[in-house]
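Structural overview
Okay, here's what each chain looks like letter by letter:
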Amino acid sequence: MYRFTEDCMREIKEIDDEHRNLFAMLNEVMALIENGSDSGVIIRNLLLKLKGYAATHFAHEEEYIVSLAVTP
């Protein structure tokens, strides 16, 4: 399992919270795979959810980076 540790933190609450959620979703998928889950539909849906959430998260990070460039 993957752990969200101090070295993963960026000290930006929204980004850190999203990172925690990404770790949780990834661990959920990994647990299903490691437990030999036959439910391909469940795993597929979780992977699609993870993919969508990651896209949203990266958009948030990008917005944050752009705001830093604009702020004097």
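The following refers to the structure shown. (Residues numbered from 1 in each chain as written. Predicted model: local features only at pLDDT ≥ 70, side-chain atom pairs only at ≥ 80, totals over all residues. Heavy atoms only, no water.)

1. What about the overall build of the protein?
When you go through the protein residue by residue, the secondary structure sums to two helices and zero strands. The C-alpha atoms of the protein give a radius of gyration of 15 Å, which is well past the 11 Å a tight globule of 72 residues would have. With the C-alpha coordinates aligned to their principal axes, the bounding extent of the protein is approximately 55 × 25 × 10 Å. Taking all 72 residues of the protein together, 21% fall into the buried category. (Helix = DSSP H or I, 4+ residues; strand = E, 2+ residues; numbered from the N terminus. Rg over C-alpha atoms; globule rule 2.2 N^0.38 Å. Buried < 20%, exposed > 50% of the residue type's maximum accessible area, 1.4 Å probe, protein only.)

2. What to know about helix α2 (residues 40-70)
Counted at 1.5 Å a residue, the expected span for α2 with its 31 residues is 45 Å, and the 45 Å between its end C-alpha atoms agrees. For α2, the complete set of buried residues consists of Ile43, Leu46, Leu50, Ala54 and His57. Next to the buried residues of α2 lie α1 (13-34). (Expected span 1.5 Å × (residues − 1). Contact = heavy atoms within 4.5 Å.)

3. Section: a nonpolar patch on the surface
A cluster of nonpolar side chains, Tyr64, Ile65 and Leu68, forms an exposed patch at the surface whose accessible area comes to about 300 Å². With respect to the element layout, leucine 68 can be found in helix α2. (Patch = residues over 30% accessible without salt bridge, like charges linked within 9 Å, V, L, I, M, F, W, Y side chains within 5 Å. Areas by Shrake-Rupley, 256 points an atom, 1.4 Å probe, with all protein chains shown as cover. Salt bridge = Lys/Arg side-chain N within 4 Å of Asp/Glu carboxyl O.)

4. What to know about the pattern of salt bridges
The full count for this structure, using the stated rule, is two salt bridges. For lysine 13, the salt bridge is made with aspartate 17, and the minimal N-O distance between the two is 2.6 Å. With lysine 13 and aspartate 17 both in helix α1 and four residues apart, the pair spans about one turn of that helix. By relative accessible area, lysine 13 is classed as exposed at 62%. Arginine 20 is the salt-bridge partner of aspartate 17, the closest N and O atoms lying 3.1 Å from each other. Placement of the pair is aspartate 17 and arginine 20 together in helix α1, with a separation of three residues, close to one helical turn.

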